[in-house]
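# Overview (structure and organization)
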Amino acid sequence: MTSESVDETSTDRAHLTALPLFAQPLPTGTQPGAHRSPTVPRLVQPLDPTNDAASATGVDWSLVAALRAQASDQLSQAVAADRARLDKAAQEELGRSIVLDLIEAAVADRVNAGNTAWPTAQQDGLARAVFDSLFRLGRLQPLVDNDDVENIIIAGHDNVLLELIDGSLVDGPPVADSDEELIDFLVFLASRSEVNARGFSEAQPRLHLRLDGGSRLAAAAWVTPRPSVVIRRHRLMEITLDDLVERQMLTPVAASFLRAAVKARKSIVVAGSQGAGKTTLVRALCAEIDPMEAIGTFETEYELHLHELKRHRIVHPWEARPGSGERGLDGRMAGEFTLDDALVDSFRFNLSRQIVGEVRGKEIWAMIKAMESGTGSISTTHASDAVAAVRKLVTCAMEAGPHVTHDLATSKLAATIDLIVQLDLRTTTVNGVSQRRRRVAEVIALAPGERETGYATTHIFAPDTDGTAHPAVLPDEYRSLERFGFDLSGYLMGQETRP
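Small disclaimer: the values here were computed from a predicted structure and weren't measured.

So, on to the packing of aromatic side chains. Given two aromatic rings, one states the distance between the centres and the angle between the planes to describe the pair. Within the structure shown, the criterion is met by 10 aromatic pairs. An angle of 80° between the planes, with centres 5.3 Å apart, marks the rings of Phe 461 and Tyr 491 as edge-to-face. Of this pair, Phe 461 sits in strand β18 (residues 455-463) while Tyr 491 sits in helix α16 (residues 488-496), and the two are 30 residues apart along the sequence. Taken as a pair, Phe 461 and Tyr 491 share a single burial class, namely buried. Ring geometry for Phe 486 against Tyr 491: centres 5.7 Å apart, planes inclined by 65°, an arrangement best described as edge-to-face. Each residue in the set Phe 257, Phe 461, Tyr 478, Phe 486 and Tyr 491 is aromatic and connected to the rest through ring pairs, giving one cluster. In this structure, Arg 68 packs its charged tip against the face of Phe 188, placed 4.4 Å from the ring centre.

Shown next, in the form of structure tokens:
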């Protein structure tokens, strides 16, 4: 090796050992890209949220994958050898050292082979990419870090759409070099959690995962033509009803009604389609709960994050666990912990409110028990409209077993749920630009009633011509919400001006 090469390698090593990039947030600059998918409506000029060291220097992603595998093996061996069991921070610190050593070795190999060492910026980008692949989200990390991106939609490694905060859809960069590489990374991502690791394989072809920072990942493979992934970023964490009014998601009068309903301990179900903003609205409703009330949250993956917002003094968060292996005689897998289990356990925790992230099945029966105590519980479900949400919840309750008949489920729901708030999500394309708009479209009151259905519904707010909830019919018993801050005069005036 020449003295020049040795000096160059020493310089690179000195740079690597002082590498500061692991402690710095990724830049979130944007630049227009060139690729445009011919299979989707024309979008606005594509966003390139990967304007970081990795993209700027043309990282070799196959090399990143190889180095990540080596680093993962070394880290696993080190953790296994440490009887004290390294915590996450210590593992990341050890990972930094391993990554730097691997890149130093790769640089030395290049020089020994007669090639020039990589430029400093390229080593920077490679180190960041390997570290992100090992501890974070790899090529997905710049997208998740970009504050302009709300949702990441992937239907194959090179078919990526980004939903931005203004509702527009733009093309995104490839997130892997092949579908196989994308699946391999998802498998690695699912298995590395110490607290709640998830399986992802041909035997378990679906994945639901909570990511660092509060985002939620849902993925499917082997049962779809190409791997499908959706990452939802929860940008609006410290959100209130007034904030949603400013975003034109609902009117000030509707906000005053919902605020009063929470304070009056009405049981509320928020319904809507996927991505309509149900979690955001529930978070805003919970902001109206007194800070000293004890709250329990029940979710398949943490999304509400009330226990991290520090708005309330006592929050007990429960997260479901999928279990593994064959199902036993009771139909459950080893280690499985369901929302139904969590809700039953929660009755020993002296809770003031129970918040269920999403009702999908029989857990609604435990939720009904909570609602019967008049605690002012809040939950969400998927439905096309508010009345359809009632039918959906009846079906969910009947999944608890043959002892829950249709009539029993209907009567219980009618007696325990007070209000259903329906959200509307509309996607429109104008002049080639695709945009999404979210609105509170309906608020209905549910009560025991008609013999044929077993319940009666009243549209307190109904959608106007643009889909926004507008005052309609107010049952007499809801006039009392005025003492909790409901703008009754504004509501009655809105009735008069209803189109």
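Pairing in this open sheet of six strands is antiparallel, and the strands run β5-β4-β3-β8-β7-β6 from one edge to the other. At either margin of the open sheet sits one strand with a lone partner, and together these are β5 (169-171) and β6 (206-210). Strand-to-strand, the axes of this sheet are offset by a mean angle of 15°, without reference to chain direction. Sheet topology note: the strand β4 (residues 160-164)/β5 ladder contains three bridges and is antiparallel. Bridge pairing in β5 links Glu 163 to Leu 169. Packed on one face of the sheet, helix α7 (residues 179-191) meets β3 (149-155), β6, β7 (216-220) and β8 (228-232) and runs near 55° to β6.

Parameters at a glance
- Residues numbered from 1 in each chain as written.
- Predicted model: local features only at pLDDT ≥ 70, side-chain atom pairs only at ≥ 80, totals over all residues.
- Heavy atoms only, no water.
- Phe/Tyr/Trp six-rings, centres within 6.5 Å; stacked < 30°, edge-to-face > 60°.
- Helix = DSSP H or I, 4+ residues; strand = E, 2+ residues; numbered from the N terminus.
- Buried < 20%, exposed > 50% of the residue type's maximum accessible area, 1.4 Å probe, protein only.
- Lys NZ or Arg CZ within 6 Å of the ring centre and 35° of its normal.
- Pairing = 2+ DSSP bridges.
- Axes fitted to C-alpha atoms, helices over the stretch in contact; angles between N-to-C directions.
- Contact = heavy atoms within 4.5 Å.

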